[in-house]
Structure formats: structure tokens, C-alpha cells
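Each chain, written out:
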Amino acid sequence: RNTEASVDALWRERDVGTTESDDLNPDDLDFGTGTRRDTRLTLGLRTGIDAPFGLDLTARDNRRSYSGTTDPDLFDTTRRSLDATARFEIDPRITLRLIAGIERYEAENADQTDRTTTELGFGGTFEVTPRLTADVDLTFDEIETEEVGGTTETDGIGIDGSLTREMANGTLTASLRSRETVNGRRSTLRIGRALDLPDGTLSFSLGATKSEGLSTEPVAELSYTRDLPRGQFDVSLRQSVETNNNDQETLSSRLSLGIDQDINNVSSWSADFSLADVNALDTGAEDKRRVDFTLSYRRDIGADWDLVSGYEFSHAREDGVEDREANTVFLTLEKTFSFRP
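Below: a short report on this structure. (Residues numbered from 1 in each chain as written. Predicted model: local features only at pLDDT ≥ 70, side-chain atom pairs only at ≥ 80, totals over all residues. Heavy atoms only, no water.)

Looking at the overall build of the chain
Part 1 of the argument: On a plain count of helices and strands, the chain comes out with zero helices and 18 strands.
Part 2 of the argument: In terms of overall size, the chain behaves like a compact globule, its C-alpha atoms giving a radius of gyration of 22 Å where 341 residues would be expected to give roughly 20 Å.
Part 3 of the argument: Dimensions of the chain, computed from C-alpha atoms along their principal axes, come out at roughly 55 × 55 × 45 Å.
Part 4 of the argument: Residues counted as buried form 32% of the 341 residues belonging to the chain. (Helix = DSSP H or I, 4+ residues; strand = E, 2+ residues; numbered from the N terminus. Rg over C-alpha atoms; globule rule 2.2 N^0.38 Å. Buried < 20%, exposed > 50% of the residue type's maximum accessible area, 1.4 Å probe, protein only.)

What to know about unusual backbone geometry
Glycine aside, the phi torsion of most residues is negative, and most peptide linkages are trans.
Part 1 of the argument: Look at Ala 303: it is not a glycine, yet its phi comes out positive at around 55 degrees.
Part 2 of the argument: For Ala 303, the position within the fold is in the loop between β16 (288-302) and β17 (305-318).
Part 3 of the argument: Among the residues examined, Ala 303 registers a relative accessible area of 60% and is labelled exposed.
Part 4 of the argument: Residues other than glycine seldom take positive phi values, yet Asp 304 does so here, at roughly 65 degrees.
Part 5 of the argument: Note on placement: Asp 304 falls in the loop between β16 and β17.

Brief notes about the nonpolar core
Part 1 of the argument: Of all hydrophobic cores here, the largest spans five residues; its members are Leu 214, Val 219, Val 241, Leu 251 and Leu 281.
Part 2 of the argument: Setting aside anything within four residues of it in sequence, one finds Leu 214 in contact with Glu 249, Leu 281 and Asp 282. (Core = buried A, V, L, I, M, F, W, Y, C linked by side-chain atoms within 4.5 Å. Contact = heavy atoms within 4.5 Å.)

Any link to function would need more than the numbers given here.
Written out as C-alpha cells, the structure reads:
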């Protein structure tokens, strides 16, 4: 009743340059010949869910490898991490926590990068008023990077804070995040609004982010979902500053539009469009852009099996590389299942 365990495992092999999810990784837009293999294993344990004291543990092992490639920017990487949070409910309005985490990053690049990132800190969630909640974490972050050219270290105080106010038809939020990265301190301020609509939901935020040694960049997020008589329409925009595998700062943006529509009780169709853009902020990095359009048909063939067929068009652009286009026709079988031990 008060304990939850979780396992998330993935193995995937795709052509280089194929984006996989709404969480845009700037390295997903590297294009060239060959294939990319991703493996992921995440183990989670949460105790004391409804108790005054609880513990959250998460272990991750993420690996990416390439085959048949000639681009020196495409190299194998491994990320392993362990995060732990201890929760203490002082009373129904105050919950305190202790935070600890460590991540190990290894890259088979020209510099043979090995990086260890650690954090240790504390925080809490406070109900300031019945309609206003504050959430804040303070950590000490340390990053040690070992490369062929030597070892570098950086450390500093990290701040993650937010204020959330319940409104008549949603929430109003303000958040501040300031943490050390391999390139120095990065700070991001956002103000957002979430609305409950009669036929869907709308949330958006505007803000700015500043990386050490670089100019301030505006960032925005938008998510809109509308329920249709036989389906759903959604639009999303996500922007953030990321560090790619070459330790270069990039502004990553992704705009997605999608519609799902039921044909009858056993079949449906969907159309999706996405524009992914990586704007290099560091000198020497390349700008990249990719457009994807997918039209698919799904049919329930029984026993929780679905037959999915469709067409996908992709157009990619990258500095210093000829534009690329791809047309793909696909046919897949999918099965959904759930169990409770």
C-alpha cells in the first residue's frame, strides 16, 4: 500500500537523425549514414507514499552507440546515475526533504571524456496559504571532468524554486532554476499559466535563460489540447537551452501539431507535424533543423494487438551539409498489456 516499485526498459535501433520523442535532444538532429542504438534501464523505488516519512530511489543506465558512421561528432556515450530523496512530512502544510545524487558520463570522443556530477542538498514544499504553494531546493553541485588534456572542476550552489497559485480556472506559476553546468552557471526564469477550458486544456509560459559567457535568450512553452467529437487535437511548443555531447550550448525548440480521429470502434487515423530546430549558441557549433510529417492508420486486430501503417516524410538541414529528405512507408504490430504482481 505504501510502497511502489517501477521498471522502465527500452532497446531501439533507428537510422541516424531520427527524432524519438517530444523531449528534444540536440544530438538527435545529427545526420549522416549509419544507425543509432539506444538502450535504457530505469529502476525506481518509493516508500512511505502515505506515511510521514518516505524514501525515493532512482537508478538509471542510458547508453547510445553508433555503427556504420563516419561523422566524428557521432560517438558512443554512457550515462549512469543514482538519485535519492528522503521526505519528511512535518505537518499537512510542510514537507521537507534531503537530496543526494551522482551521475557518471563517459564518451568515446576524441577527448575521451569522463565526467562525474554530484549534488547534495535539502528542500521543502510549503503551503503558504490554502491557494499558494512554494517549492524550493538548495543543493551544492560539483562537476569533475577528466579528458586527454587534463582534469577540470567546477562547483557552486544550485537553486530550484517555484511558486504556484490556484486560480478559479487553473494555476499561475513562477519558477527559477540556477545550476552549475560543465560550461558554467545557467539560470532560467519562467512565468506560466494553466487554464481549464470547456473542451480541453491550455498552458503556456514565457521566460529567459542565461548561460555563463553567453547572451540572455528568451524561452517559451505552450501546450493546447482540444477534445473533438471523435478524437483530439493538440499543439505544443518547447524551448530550452541544452548542452550537447560536444559540451556546446544550444537553444533547442520543437513545435508539434497532431490530430487523432476515430473512424469506428476498431480503427482510427492520425496526422502529426513537427518542426525541430537547434540554434548553436557557441562558436563552432552547427545550426540544425528538421521537419517531419506522419500520416498513420491504426486498427485493433484483437487481444490488445494493433496493426499500424502509414507514411512519413522528413526534411533535414544542417550547416555545412547538403539538405536531406526521406520518404518512409511503415507497417508495425503493437501490443499493450498491464499487470499487477
